[in-house]
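Each chain, written out:
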Amino acid sequence: MHNPNPHVRHRRRTLCLRHAFDVLHPGKIEVDIVDTYTHYGLFFPYNAYVECYKIMAEYSFLWKIFFEFGETPFGLWLNEFLLELCCFDPFKECLARPSCSTTKRADMVVSVHPLCQDLPLKILSYLDSNGQTRATTARTTPFATVVTDLGGAHPTWFNPGVDKCFVPSDALYQKARDRKITPEQIIQYGLPIRKGFWSDPSTASSPSSTTTTTAAAASSNNNPGFFERLFGGGGGAKQTPQKSPSSPTVAKVNAKDALRAELGLKPSIPTVLVVGGGDGMGGIIEQAKSLGSKLNADGTSSESSEEEEALYQMVVICGKNEKAQSTLSSQEWGSGVSVEIKGFVNNMDEYMRASDAIVTKAGPGTIAEASICGLPCMLSSFLPGQEEGNVPYVEDSGFGTYSGDPKVIADKVSTWLASPDLMQEMKANALKAARPSATLDIAKDLAEMVFEHKKKQVSSA
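Nothing here was measured: the structure is a model prediction, and the numbers come from that model.

Rules used in this analysis
Residues numbered from 1 in each chain as written. Predicted model: local features only at pLDDT ≥ 70, side-chain atom pairs only at ≥ 80, totals over all residues. Heavy atoms only, no water. Pairing = 2+ DSSP bridges. Helix = DSSP H or I, 4+ residues; strand = E, 2+ residues; numbered from the N terminus. Axes fitted to C-alpha atoms, helices over the stretch in contact; angles between N-to-C directions. Contact = heavy atoms within 4.5 Å. Core = buried A, V, L, I, M, F, W, Y, C linked by side-chain atoms within 4.5 Å. Buried < 20%, exposed > 50% of the residue type's maximum accessible area, 1.4 Å probe, protein only. Phe/Tyr/Trp six-rings, centres within 6.5 Å; stacked < 30°, edge-to-face > 60°. Lys NZ or Arg CZ within 6 Å of the ring centre and 35° of its normal. pLDDT = per-residue confidence, 0-100. Arc of directions from axis to C-beta. 1 Å grid on protein atoms, 1.4 Å probe; cavity = no way out; pocket = protein on both sides within 12 Å on 5 of 7 lines; lining within 4 Å. Points joined across faces, edges and corners; volume = space filled by probe spheres on them. Nonpolar A, V, L, I, M, F, W, Y, C, P; charged D, E, K, R; others polar. Patch = residues over 30% accessible without salt bridge, like charges linked within 9 Å, V, L, I, M, F, W, Y side chains within 5 Å. Areas by Shrake-Rupley, 256 points an atom, 1.4 Å probe, with all protein chains shown as cover. Salt bridge = Lys/Arg side-chain N within 4 Å of Asp/Glu carboxyl O.

1. Here's the deal with the sheet that holds strand β5 (residues 271-275)
- Sheet architecture is open: six strands sit in the order β7-β6-β5-β8-β9-β10, paired in parallel fashion. Each edge of the open sheet carries a strand with a single partner, namely β7 (337-342) and β10 (400-402). The sheet shows a mean angle of 15 degrees between the axes of neighbouring strands, direction not considered.
- Of the strand pairs in this sheet, β5 and strand β6 (residues 312-317) are connected by five bridges, and their pairing is parallel. The residue bridging V274 from the neighbouring strand is V316, located in β6.
- Helix α15 (residues 406-417) rests against β5, β6, β8 (357-360), β9 (377-379) and β10 of the sheet, and its axis sits at about 170 degrees to β9.

2. Quick word on the nonpolar core
- Residues L273, M352 and L446 are the most contacted members of the largest nonpolar core, which totals 56 residues.
- Not counting residues up to four positions away in its chain, the partners in contact with M352 are F197, L273, I358, T366, E369, A370, C373 and L375.
- If you look at the next biggest cluster of nonpolar residues, it comprises 31 residues, including F88, L95, L124 and I186.

3. Regarding the packing of aromatic side chains
- Under the counting rule described, the total for this entry stands at twelve aromatic pairs.
- Taking the centre distance of 5.5 Å and the plane angle of 85 degrees together, the rings of Y53 and W63 count as edge-to-face. Of this pair, Y53 sits in helix α3 (residues 49-58) while W63 sits in helix α4 (residues 60-70); the two residues are ten residues apart in sequence, bridging distant segments of the chain. There is no split in this pair, since Y53 and W63 are both buried.
- Through successive ring pairs, a cluster of aromatic residues spans Y37, F43, Y46, Y49 and F91.
- In this structure, R134 packs its charged tip against the face of F88, placed 3.5 Å from the ring centre.
- Positioned above the aromatic ring of F344 is the side chain of K320, whose terminal nitrogen or guanidinium carbon lies 5.7 Å from the ring centre.

4. Structural notes on unusual backbone geometry
- A cis geometry characterises the amide bond from F44 onward to P45, with omega recorded as 5 degrees.
- Relative to the helices and strands, P45 is located in the loop between α2 (36-40) and α3.
- Positive phi outside glycine occurs at K180, with the angle close to 75 degrees.
- Looking at the element boundaries, K180 is found in the loop between α7 (170-178) and β4 (186-188).
- Positive phi, close to 65 degrees, is recorded for S268, a residue that is not glycine.
- Take S268: it is sitting in the loop between α9 (248-262) and β5.
- Judged by its relative accessible area of 40%, S268 is partly exposed.

5. Comments concerning the sheet that holds strand β2 (residues 143-146)
- Across the sheet, which stays open at both edges, the four strands sit in the order β1-β2-β3-β4 with parallel pairing between neighbours. A strand with exactly one partner marks an edge of an open sheet, and here the two such strands are β1 (109-111) and β4. With direction set aside, neighbouring strand axes in the sheet form an average angle of 20 degrees.
- In the sheet, β1 pairs with β2 via three bridges, with the strands oriented parallel. Pairing of V110 across the sheet is with A144, part of β2.
- In the packing of α7 onto the sheet, contacts are made with β3 (164-167) and β4, and the angle to β4 comes to roughly 175 degrees.

6. Overview of the confidence of the model for the protein
- When pLDDT is averaged along the protein, the result is 86; 83% of the residues meet or exceed 70.
- Scored below 50 in pLDDT, residues 200-245 makes 94 contacts in the model with residues more than four places away or belonging to other chains.

7. Focus: α3
- Among the residues making up α3, those that are buried are Y49, C52, Y53, M56 and A57. Along the axis of α3, the buried positions cluster into a sector of 130 degrees, meaning they face one direction only.
- Those residues of α3 hidden inside the fold are in contact with α2 and α4.

8. What about empty space enclosed by the protein?
- All told, the structure shown has three cavities of 30 Å³ or more when counted by the stated rule.
- Considering only enclosed or pocket space, the second largest cavity measures out at about 90 Å³ in volume.
- Along its surface, the second largest cavity is lined by L150, P168, G190, L191, I367, A368, S371, I372, Y393, A433, A434 and R435.
- For the lining of the second largest cavity, the element with the highest residue contribution is helix α13 (residues 364-372), accounting for four residues.
- Looking at the lining of the second largest cavity, its residues break down into nine nonpolar, two polar and one charged.

9. Remarks on a nonpolar patch on the surface
- Together, F69, F74, W77, F81, L82 and L85 make up a nonpolar patch on the protein surface, roughly 620 Å² of accessible area in all.
- If one sorts the elements of the nonpolar patch by residue count, helix α5 (residues 73-96) sits on top with five residues.
- Tracing the sequence through the fold places F69 in helix α4.

10. Quick look at the pattern of salt bridges
- Counted according to the given criterion, the structure contains 19 salt bridges.
- For D32, the salt bridge is made with R97, and the minimal N-O distance between the two is 3.0 Å. Linking D32 in the loop between α1 (8-24) and α2 with R97 in the loop between α5 and β1, this pair joins segments that are 65 residues apart in sequence.
- Accessibility expressed as a relative area gives 24% for R97, which makes it partly exposed.
- E84 is the partner of R134 in a salt bridge, and the nearest nitrogen-oxygen pair spans 2.8 Å. On the criterion of sequence distance, the pair formed by R134 in the loop between α6 (118-128) and β2 and E84 in helix α5 is long-range, its members being 50 residues apart.
- Salt bridges here are not isolated pairs; linked through shared partners, they connect K256, D257, R260, D356 and K427.

Shown next as structure tokens:
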């Protein structure tokens, strides 16, 4: 799996697929994850993509310039020309080397990054033809692209020379078609997500399906789906459910309260999760301060408020942003809101399931995982280009909106929490957009591709 790792999400999606192979075919598939550019790029900028990404993510106007230039016809041609000129030989060394515990090169190549289509396809053709040609028609080694963006993507993701292109949304299906990839090459399941968000392996759809079978996870109110029953619950004002102890509603509330107790959180009060990605980006300090102040004001002004008990709860996951964690940990929040400040966590699935809404940068993985948990999404920032398309994806699906203004974010979330009916509607919409079996479905198809290739090799030997 080739992944020039300028962002944590690309490696995370790669690990998701490796975990899925281990679940579906334990001991039968070895996965070699390669940070192609960092390890094999000979000089700047190819061997410095991680550092370049961090700079451009901080100064997003730089990202916008490079992204928009790179998607022009001239930008696409220039990128392809320079990559082949500067990186063909070192990348050939990467693809030709023995893979994993074997003494031969990989049986199949999977790309999880937009800059790992054009050149690897040419190199595989060169290797498969014993150096006779770089034309992609000569390639025999299976090659698949797994797109890890959601509502928007750079054109370099899509190359008609691939065997299969896995896309997560209608918008990217159309982008693939615009780049001359045929419908037979495109498979639409969803986004690869972390194991804690998967459905049961037995529910993975058949390889011929173009959408996941869990698209019906959010069904009618009279017959809630499995994921709605498990992950639903909680927002709105503090209430006592008027249901029997054995009813599905009470079961949902009890499960959420039990999970909150395990995480050291307060049960039975509306809880908002604030995240900024693994690097804690996106203005998380200002957003948390504004939201915490608003929730405290709502909690202390409520007619039903008690002097010693908070009516709202906020959990802030700062990731690797130590400055944000330190600053927010020393903040005085008031008695109306209970606040927990965390650094980097490995159990984000538990924090999402313990929450009623999320404030997040418009990263594709977080949005996909939040939808599985039925969380209304308040999007707070995005990188120009591919993440910009995630905003209409969420808004058109009816489970969130966007603002870059911390005060607007706080007011909007406060309005959501004050309206149980609106919260329930947004949760249902989130569940409709959820694709919890996507990772297993993608891995199942990839495994069949490599098994079929190996079978042909044996039969022709």
